[in-house]
There are 2 protein chains.
Amino acid sequence: MKRIIETNAWPVLIDHAKRMGLAENHLQNLIAAPGRFDAFSMKAGPFLYDFSRQRVDTAVMNSLYDLAREQKLPSRFKEMMSGSRVNVTEKRSALHTASRNFSNEPVLIDGRDVMPENTHVRKQIKAFSQKIHSGELRGSTGKRFSSVVAVGIGGSYLGPEFVATALKGGADKGIRLHFLSNVDIDCFGAIVPLIDLEATLWIIISKSYTTTETMANANQVIAFVSGLGLSPEKHIVTVTSKGSPGDDSANPVLASFHMFDYIGGRYSVTSAVGGVPLSLFLGYDRFESFLKGAAEMDIHAASAAPEKNAPLTAALIGIWNNNFLGYPAQGLIPYSSALSRFPAHVQQLYMESNGKSVTSDGQPTGADTGMIIFGEPGTNAQHSFFQLAHQGRPFPIDFIGVIHPHYRQYKNRSKGVTNHQELWANFIAQPQALACGRDNADEPARNFSGNRPSSTIVIEDLSPENIGRLLSFYEARTVFEAFVWDINPFDQFGVELGKTMAGGIRAEIAAANEDPGHLFDDRDQIQKAYLEMLFSGNL
Amino acid sequence: MKRIIETNAWPVLIDHAKRMGLAENHLQNLIAAPGRFDAFSMKAGPFLYDFSRQRVDTAVMNSLYDLAREQKLPSRFKEMMSGSRVNVTEKRSALHTASRNFSNEPVLIDGRDVMPENTHVRKQIKAFSQKIHSGELRGSTGKRFSSVVAVGIGGSYLGPEFVATALKGGADKGIRLHFLSNVDIDCFGAIVPLIDLEATLWIIISKSYTTTETMANANQVIAFVSGLGLSPEKHIVTVTSKGSPGDDSANPVLASFHMFDYIGGRYSVTSAVGGVPLSLFLGYDRFESFLKGAAEMDIHAASAAPEKNAPLTAALIGIWNNNFLGYPAQGLIPYSSALSRFPAHVQQLYMESNGKSVTSDGQPTGADTGMIIFGEPGTNAQHSFFQLAHQGRPFPIDFIGVIHPHYRQYKNRSKGVTNHQELWANFIAQPQALACGRDNADEPARNFSGNRPSSTIVIEDLSPENIGRLLSFYEARTVFEAFVWDINPFDQFGVELGKTMAGGIRAEIAAANEDPGHLFDDRDQIQKAYLEMLFSGNL
């Protein structure tokens, strides 16, 4: 593969970027062109991707699609979905799409069909969640389970939390769901008062069953549950790799569900990682509907021609804004409270996948890779950091709208409109204001330069299917961008150095726990200062 | 005042930045200097600010302090605290510090002492919260209040939410606190099932009592409460300006607390905006302790010499990273679950204050202003976007640590350390890994370039005083940065254009509500498409 800077499209796009910097190509002018909306928006089933307010014209888009073909985006996505070992540094496949594949076609890794094991896990989850909901399975004192705590971090946390938050309006199984993610003991401590321990099921989620934070929390849970005289094996299930310490009959648990090495943490919400907590919280049927929405978008991403392909086009817009227009960050603003944790999920998905510095064959990429992604729901964000979005350093934004809210029964009107209509008035106005600006030469503090780009995504409602589509759209966009740079979006070696260094410091702390006279003289002055604070209890 | 690019320090700092780019000035080398920690860290009472892992040396810091003096940072901060009309575009003072001033000295605006009105509001809050807690004041059916819903957005939401989340371990008054911020009806809908309406007190927070979202939610509340046969005037209190529609005896409420035009929303958590919900949730005494911690940091910021001044130094580091080293964004990573909403608060505080393009006299600033601020708690963030922090585009980070967690009773050890010690092992390791990196020429995907700067802040525990110190530190850092650029951190004209445009769209929606035949032909093609989606109910 070529590096992006070696493609034929690269110098062409550099020239386009200069041209788009001319005053005549201000967004205010671009969006006034007849047919702009129809030409610069597309649907993927009941999912709208509108890039009419991006700083592009037909010539720019044609060159971006040339770049996509030059970097073989369509074929690489298909290779990913059909089991190729696209995670080249770890020599693994990346088959999150298999976890929601309902096609009845085999998906082969080196000739082995992985579909049976994926289907099997889903059947297990369905049966298990029904037994919990029916009361057939109960806690060790006979109480029905009313609380579930998902113990996991990173990909084992943010995806399930996003989906649970998005769909909680439909959580009618009598189960409350909590997330124990951070190793901070205050995360555990804050959950304890909210649950009835006798009626609580803990789901320990870790592929290797060695993730330090998750194991520290799992051990805390086991010690605490045992201390209350309850049987941990009747209150714990695991989601882990086959044969890990969490899937060992020497450590009995109520049930164990497998996850596979071809699905990375940040892509795992459609596997058992999301499947177990979400099926318990929402019911298995809603989880399966969520998978079907995601699968539909997977098929679109793999089969639609580039010019009709929504996540591929979104990836090209990301590359354009980043490498050619020079924006370092992107906002993600859902106009829906239910999607309040979606920015944190995409922040992980995208920044961990694409925050890389070398290509798949180890060369420096030669161009900036992943942008910084951040966001809060609108209209809240309008009253927070949108001042900077309008008048400070510019950054592109993805706006997300939902045509129907979940709670439709509250219809009081203020200023002639319902709350939901007010939300939409703002959802429609903000991209327009950012694009067009408003000159005010008399009062410079009230001048708006405009020309600030955004995309707009719309789903029809907060159904599980639509949440699945949204998830898969951003997953596909992420890997398409990686393919443009020829980086590996499926490894995360960048997290290793900090872990290694934490291991050394942990050993110092453990030594000081055993020997109060232990000095931290092997550490540099800064680390020593902090270790002394921790042990002295003050600054 | 000079623009930053016209200061004597500007070209000197440009030269320093070139010098700091040399390989010999890699952070790995800088932090190895003897005495580095002591020379590049400082305390403000029981509050540590450590910038030893920033890309600075003594010469850089001397030039930054020259810049601070040239831009008159010390005197301008004192002027702000003593009532000068530093919010020049709106011709107002900026006296958030008055809301936590316990000095018994007058604070004058044009000769009028504002301390009596601030003290009076605090006394009202104390008396009112005691009456709620004692059960003297009850709902209209005689039930004791057990839920409080704070209805407000932006500054009326993020600050109180941050503090409530930080201190909720000490919330022992039998009151649950919810926030109704977003105009999205799903925000209201999600709260209703969580509360007993007969035992719920609603706090409507809006300075003008015209904020569209807050009024839409307030009207929704009134309609709903009345519809249940309850008396809204016994279930609603207001925090608003004297004489606003929320402080009018024609609209009776249980109580009304004043806020003043010299305290902007994003600086208002120590006023009645935070005072009413936080005193109800935590008790007035804890709120007052929180104010006293903030006041202590205010005094430090106003009186410590620049070289000993923690928030002033943090502001200079911000300017250095932004304007001289060219970083566009900053991470804010609290190693404490309790501080999980602090990044969202600072994101608002800083980006709304400093996302500006013109100086206080209306000239273009000539240099970039506020950075993008984002963050999630550690260690969670390590498993999310830290891949990019270590191997993608670099950005500076503020790490925040707390020596003692809230829940100290859970002491189970994994790998020889408690959960809290594991948290600290990571809190100590991450800045070190970012600074030093690790060469790996054989495996480029495992190479860490290092030289990634960070600051570290430590407070001793999650006491109200320390949360107050943390709040005031970031407020002072924000305004000190603004003073360097000579921008006005107290206005927010950048939010006006979107509001104006939303008003036009709202009018279209209201017209279509009245007349189903209304066409949206006055709108451009893009706005029209979205209005049609909203009314047709599908894409």
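These numbers come from a predicted model, not from an experiment. (Residues numbered from 1 in each chain as written. Chains lettered and ligands numbered in written order. Predicted model: local features only at pLDDT ≥ 70, side-chain atom pairs only at ≥ 80, totals over all residues.)

**Some remarks on the relation of the copies chain A and chain B**
Each of the two chain copies can be generated from the other by rotation about an axis followed by a shift along it. In plain terms, the rule: A residue counts toward the fit only if its pLDDT is at least 70 in both copies, and the copies are then superposed by least squares on the C-alpha atoms of those residues. For every residue pair, C-beta atoms are placed from the backbone, and the pair is scored as a contact if these atoms sit within 7 Å.
Overlaying chain A with chain B gives an RMSD of 0.0 Å, the required rotation being 180 degrees about an axis along which the chain moves by 0.0 Å. Considering both components of the superposition, the chain copies are consistent with a two-fold axis. When each C-alpha of chain A is compared by its distance to the rotation axis, phenylalanine 374 of chain A comes out closest, at 3.2 Å. Of the interface residues in chain A, 100% have counterparts in chain B that sit at the interface too, so the contact is made through matching surfaces.

**What to know about the nonpolar core**
The following threshold applies: Residues of type Ala, Val, Leu, Ile, Met, Phe, Trp, Tyr and Cys that are buried and joined through C-beta atoms within 7 Å form what is called a nonpolar core. Residues with at least 20 other C-beta atoms within 10 Å of their own are called buried, those with 12 or fewer are called exposed, and the rest are partly exposed. The C-beta atoms themselves are positioned from the backbone.
Counting residues in each nonpolar core, the largest one holds 341 residues, and the members touching the most others are Ile203 of chain A together with Ile203 of chain B. Ignoring any residue separated from it by four or fewer positions in sequence, one finds isoleucine 203 of chain B in contact with Val148, Ala150, Val151, Val237, Val239, Val276 and Pro277 of chain B.

**Here's the deal with the sheet that holds strand β11 (residues 372-374) of chain B**
Residues and elements named next belong to chain B. Under the convention used in this document: Being paired, for any two strands, means DSSP has found at least two bridges between them. Only DSSP runs of H or I reaching four residues or more are called helices, and only runs of E reaching two or more are called strands; each is numbered from the N terminus. Axis lines are fitted through C-alpha atoms, for helices just across the contact stretch, and the angle between N-to-C directions can take any value from 0 to 180 degrees.
The 6 strands are arranged β1-β2-β15-β12-β10-β11 in an open sheet whose pairing can be described as mixed. Since the sheet does not close on itself, it has two edges, and those belong to β1 (41-43) and β11, each with one partner. Within the sheet, the average angular offset between the axes of one strand and its neighbour, ignoring direction, is 15 degrees.

**Re the sheet that holds strand β5 (residues 147-151) of chain B**
Residue and element names in this part refer to chain B. Strand order in the open sheet formed by 5 strands is β6-β5-β7-β8-β9, with parallel pairing between adjacent strands. What marks the edges here is a single partner per strand, and that holds for β6 (176-180) and β9 (255-259). Averaged over all pairs of adjacent strands, the angle between their axes in this sheet comes to 20 degrees, without regard to strand direction. Examined bridge by bridge, β5 and strand β7 (residues 200-205) share 5 bridges and lie parallel to one another. Following the sheet pairing, serine 147 is matched in β7 by threonine 200. Here helix α10 (residues 272-282) sits on the sheet and contacts β5, β6, β7, β8 (236-241) and β9; the angle it forms with β9, its principal contact strand, is near 135 degrees.

**Focus on helix α12 (residues 310-324) of chain A**
Residue and element names in this part refer to chain A. To keep it simple, the criterion reads: The span one expects for a helix is its residue count, reduced by one, times 1.5 Å.
In a regular helix each residue adds 1.5 Å, so 15 residues correspond to 21 Å; α12 covers 20 Å between its end C-alpha atoms and thus fits that length. In terms of burial, α12 is largely enclosed, as 15 of its 15 residues are buried. Remark: glycine 326 follows α12 within two positions and exhibits a positive phi of approximately 85 degrees.

**Some thoughts on the domain arrangement of chain A**
Residues and elements named next belong to chain A. Formally: Annotation comment: domain bounds sourced from an automatic or database domain assignment.
By the assigned domains, chain A splits into domain 1 (4-70 + 304-406 + 429-438 + 463-489), domain 2 (108-288) and domain 3 (497-536). Taking the mean C-alpha position of each, domain 1 and domain 2 sit 34 Å from one another. The interface of domain 1 with domain 2 comprises 16 residues on the first partner and 14 residues on the second. Elements represented by at least two residues in the side of domain 1 that touches domain 2 include exactly α13 (342-354) and α16 (464-485).

**Examining the interface of chain A and chain B**
So the rule is basically this: By the convention adopted, Pro, Cys, Tyr, Trp, Phe, Met, Ile, Leu, Val and Ala count as nonpolar, Lys, Arg, Asp and Glu as charged, and the other residues, Gly among them, as polar.
Contacts between chain A and chain B engage 121 residues on the former and 121 residues on the latter. Among the elements that take part in the side of chain A that touches chain B, helix α15 (residues 419-436) of chain A stands out by supplying 13 residues, more than any other. Tallied by class, the residues present in the side of chain A that touches chain B amount to 57 nonpolar, 46 polar and 18 charged.

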